[in-house]
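The chain contents come next:
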Amino acid sequence: MSDFPMYAPSEEHELLRATVRELAEAKIAPFAAEVDEESRFPQEALDALVGHGLHAVHVPEEYGGVGGDALAAAIVIEEVARVCASSSLIPAVNKLGTVPLLLAGSPELRERYLGPVASGEAMFSYALSEAEAGSDAAGMRTRAVRDGDGWVLDGVKSWITNAGESRYYTVMAVTDPEKGAGGISAFVVEAGDPGVSFGPKERKLGIKGSPTRQVVLEGVRVPGDRMIGAEGTGFKTALATLDHTRITIAAQALGIAQGALDFALGYVRERRQFGRPVGDFQGVRFMLADMAMRLEGARQLTYHAAVKSERAMRGERVADLTLVSSACKALASDVAMDVTTDAVQLLGGYGYTRDFPVERMMRDAKITQIYEGTNQIQRLVIARQLLG
Ligand code: CAA
Ligand code: FAD
């Protein structure tokens, strides 16, 4: 029988996973509880990831990056999220912020902005949402008005991950209010541009180490060459970006769920009740089996979507990328919420305390059902893809 290639990540991907797991266990896990408790940015994680070239593996080699594929990027995010969901937003949001440049940016813009991200000198955030325009992102109010050869931006972008820590921002703004979604354009804004400031950190249920802040734009003048793609294409670029990056949120969800399952497995082997380890009871074993089964199903769909994302990035037309991307994000995040909740259950009263990591994982899992489009929006996107 001829060779039959495995429908699975390659040896290189598994080697990458082992490398990230080792690094995450040694340098990121020890600070995860503290970062959560103190709601502080995980600088140790950033340093460790930059030190090993894992903070933005998706940046192509021509811009100084390591040129990792979409599956490699997903595996990095998954493995970091397994120990600290907040830290996994460093590679995830670096990708979210820069995919618009990769999809639609001019060669000059890519040259200028991707190098500092590849080297770890700068992080990049993505600013689409506003206080009154979350799911209905095209309802944004932030305006960009032409001023000579540049643009002047005014408005407030809300809920921006890593705001204040990132040096660069992809900002979507209305350039023609008459044209709806077709009147939105995308720009690169720098934290140091006069008129840019940041709101206070949001006080959140989970991912407390990842700063979420408003990006306030007051008369921010940017040169014309900072527009990403043509005028009026910003909303499409924003949505096309999410087709690639919802997969990274699925990967984050997988990692959170795997971390909780791994912890619960260790616990039920040790914890004894009725004279035996609780892991001997069929009621517990069936819960573990369901957790592992659902997690592996979500992982397969996520990796499948990552392969499609990579093919699309390489120029292939992938008709169902939007569908599989939304599907893996909704599935993996729902699985993460269920698995982490069950992990708390399997630890009993101890699971409900901050002495064990599963309650943090349960709080962290919740956001994956909300950001990069709520799971209701993912279902809306999937249904539109099915029905046309
Ligand atoms: N790729 C490219 N273009 C697309 C597209 C895609 N996937 N989907 C739609 N478009 C195009 C449409 O063809 C349309 O263009 P034409 O008019 O020329 O045909 C245009 O974009 C507008 O599309 P819709 O009419 O479908 O737009 P809509 O207003 O109905 O909204 C939506 C669609 C799916 C609800 C969208 O607004 C959405 O995804 N909302 C959720 C917002 C979201 O995900 N925000 C995430 C913020 S980032 C974040 O949260 C960060 C983090 O996690 C760390
Ligand atoms: P709303 O849109 O007000 O939704 C409220 C409820 O109504 C939800 O349950 C929603 O599913 C439901 N709903 C709305 N419309 C429909 C519909 N048509 N059909 C069915 N149900 C519907 N944004 C960025 O741009 N960049 C970031 O970096 C970023 N990071 C974030 C980090 C955090 C921690 C958080 C909380 C948010 C972040 N966001 C970011 C914003 C995030 O993408 C939005 O919160 C999300 O898209 C939902 O928007 P909303 O909060 O306005 O909810």
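Keep in mind that what you see is a predicted model, and the values were worked out from it rather than measured. One numbering rule holds for all chains: residues counted from 1, following each sequence as written. Chains and ligands are labelled sequentially in the order written, the chains with letters from A and the ligands with numbers from 1. A pLDDT threshold of at least 70 governs which residues receive local features in this predicted model, and a stricter bar of 80 or more applies before side-chain atom pairs are shown or counted, although totals over entire chains, interfaces and linings include all residues. Here the side-chain values reflect all heavy atoms present in the structure, with hydrogen atoms and water set aside.

### Points about helix α6 (residues 234-270)
Quick reminder of the rule: Strands are runs of DSSP state E lasting at least two residues, helices are runs of H or I lasting at least four, and both sets are numbered from the N terminus onward. Multiplying 1.5 Å by the helix residue count minus one yields the expected span of that helix. Think of it this way: the bend at a residue is just the angle between two axes, each fitted to seven residues, one set ending at that residue and the other starting at it.
Between its first and last C-alpha atoms α6 spans 54 Å; for 37 residues at 1.5 Å apiece the expected length is 54 Å, and the two agree. Most pronounced at Asp243, the bend in α6 amounts to some 40 degrees.

### Let's talk about the pairing of strand β5 (residues 184-190)
Applied cut-off: Note on exposure labels: buried denotes an accessible area under 20% of the residue type's maximum, exposed denotes more than 50%, and partly exposed covers the range between, all computed with a 1.4 Å probe on protein chains only. For two strands to count as paired, DSSP must find a minimum of two bridges between them.
The buried fraction of β5 amounts to six of the seven residues, a majority that puts the element mostly inside the structure. Strand direction decides the pairing type here: strand β4 (residues 168-174) and β5, joined by seven bridges, are antiparallel. Bridging from a neighbouring strand, Val174 pairs with Ile184 of β5. Sheet analysis places β5 next to strand β8 (residues 227-228), joined by two bridges and oriented antiparallel.

### Some points on the site of ligand 1
Keep this limit in mind: Proximity criterion: a residue is near a molecule or strand once any of its heavy atoms comes within 4 Å of it. For the purposes of these results, a polar contact is taken to be a pair of N or O atoms within 3.5 Å, where, inside protein, one atom must be able to donate a hydrogen and its partner to accept one; residues adjacent in sequence count only when each atom of the pair is a side-chain atom. Every accessible area reported is derived by Shrake-Rupley at a probe size of 1.4 Å, with residue values counting cover from the shown protein chains alone. For cavity detection a 1 Å grid was placed over the protein atoms alone, and a set of points counts as a cavity when a 1.4 Å probe fits there but cannot get out; an open set counts as a pocket when protein lies on both sides within 12 Å along at least five of seven lines, with lining residues being those that have an atom within 4 Å of a point. Assignment of a molecule to a cavity or pocket requires that more than half of its atoms lie within 2 Å of the corresponding grid points. Following the grouping adopted for this structure description, the nonpolar residues are Ala, Val, Leu, Ile, Met, Phe, Trp, Tyr, Cys and Pro, the charged ones are Asp, Glu, Lys and Arg, and the polar ones are all others, Gly among them.
Taken together, 25 residues lie around ligand 1, and Ser135, Lys236, Arg246, Glu372 and Arg384 are the ones closest in. At 2.8 Å from a nitrogen atom of ligand 1 is found a main-chain nitrogen or oxygen belonging to Ser135. Arg384 places a side-chain nitrogen or oxygen 2.8 Å from an oxygen atom of ligand 1. Here ligand 1 has 1100 Å² of accessible area as a free molecule, and 69% of this is covered by the chains. Among the detected pockets, ligand 1 sits in the largest pocket. For the shell around ligand 1, the elements supplying multiple residues, two or more each, are α4 (85-104), α6 and α11 (375-387). Top element by residues in the shell around ligand 1 is α6. It accounts for seven residues. Residue classes in the shell around ligand 1 are distributed as 14 nonpolar, six polar and five charged.

### A few points about the site of ligand 2
Every one of the 20 residues lining ligand 2 counts as a neighbour, but Ser129, Ser135, Trp159, Thr161 and Thr374 are closest to it. The contact in question runs from an oxygen atom of ligand 2 to an N or O atom on the backbone of Leu128, over 2.9 Å. Between ligand 2 and Thr161 there is a distance of 2.7 Å, counted from a nitrogen atom to a side-chain nitrogen or oxygen. Alone, ligand 2 offers 970 Å² of accessible surface; in the complex the protein occludes 66% of this.

### As for the layout of surface pockets
Here is the rule we go by: Grid points are joined across faces, edges and corners, and a volume is the space filled by probe spheres set on the points.
As a volume, the largest pocket reaches approximately 1200 Å³. In terms of lining, the largest pocket is formed by 42 residues, of which the most central are Gly134, Leu242, Arg246, Glu372 and Gly373. At seven residues, α6 tops the list of elements feeding residues into the lining of the largest pocket. Grouping the amino acids of the lining of the largest pocket by side-chain chemistry returns 23 nonpolar, eleven polar and eight charged. Of the volumes computed, that of the second largest pocket is approximately 380 Å³. Lining the second largest pocket are 14 residues; nearest its centre among them are Leu71, Tyr303, His304, Val307 and Arg311. With seven residues, helix α7 (residues 282-313) is the single largest residue contributor to the lining of the second largest pocket. The class makeup of the residues in the lining of the second largest pocket is six nonpolar, three polar and five charged.

### Focus: the UniProt feature "domain: Acyl-CoA dehydrogenase/oxidase C-terminal" (unreviewed entry) in the protein chain
Note the following rule: UniProt positions are given in the numbering used here, feature names are shortened, and annotations may be inferred rather than shown by experiment.
Taking the UniProt record as the reference, the feature "domain: Acyl-CoA dehydrogenase/oxidase C-terminal" (unreviewed entry) is found at residues 232-387. Summarising residues 232-387: 79% helix, 3% strand, and an end-to-end C-alpha distance of 27 Å.

### Describing the nonpolar core
To be explicit about the condition: Note on terminology: a nonpolar core comprises buried Ala, Val, Leu, Ile, Met, Phe, Trp, Tyr and Cys residues joined through side-chain atoms within 4.5 Å. Residue contacts are counted whenever heavy atoms from the two residues lie within 4.5 Å of one another.
Among the nonpolar cores identified, the biggest contains 51 residues, and Leu288, Met291, Leu346 and Val358 are the most heavily contacted of them. Counting only elements with at least two residues in this core, the list comes to α3 (70-83), α4, α6, α7, α8 (321-346) and α10 (358-368). Per-element tally for this core: the top contributor is α6, with 13 residues. Ignoring anything within four residues of it in the chain, the contact list for Leu288 reads Leu261, Leu265, Val268 and Leu346. Counting 28 residues, the second largest nonpolar core, distinct from the first, contains Val59, Leu96, Leu102 and Leu242.

### Considering the side chain of Thr212
Relative to the helices and strands, Thr212 resides in strand β7 (residues 212-223). Residue class for Thr212 comes out buried when judged on its relative accessible area of 5%. Within the structure, Thr212 has its side chain in polar contact with the side chain of Lys204 (distance 3.0 Å). Apart from residues lying up to four places away in sequence, Thr212 is in contact with Trp159, Ile160, Pro200, Lys201, Glu202 and Lys204.

### Here's the deal with the packing of α6 against α10
Selection rule: Comment: axis = line fitted to C-alpha atoms, over the contacting stretch for helices; angle = value between 0 and 180 degrees taken between N-to-C directions. Throughout this description, any angle smaller than 35 degrees is read as roughly parallel, any larger than 145 degrees as roughly antiparallel, any in the 65 to 115 degree range as roughly perpendicular, and the remainder as oblique. Crossings are assigned a handedness: left-handed for a near helix turned anticlockwise from the far helix by less than a right angle, right-handed for a clockwise turn.
At their nearest, the axes of α6 and α10 sit 10 Å apart, and the two run at 160 degrees to each other. Taken together, the axes of α6 and α10 lie roughly antiparallel to each other. Helix-helix and strand crossings are classified by hand; for α6 and α10 the assignment is left-handed. Together, Ile249, Gln252, Ala253, Ile256, Gly259, Ala260 and Phe263 of α6 and Val358, Met361, Asp364, Ala365 and Thr368 of α10 make up the contact between the two elements.

### Re the UniProt feature "domain: Acyl-CoA oxidase/dehydrogenase middle" (unreviewed entry) in the protein chain
UniProt feature "domain: Acyl-CoA oxidase/dehydrogenase middle" (unreviewed entry): in the numbering of this structure it lies at residues 126-220. Along residues 126-220, the helical share is 0% and the strand share 47%, with 17 Å between the first and last C-alpha atoms.

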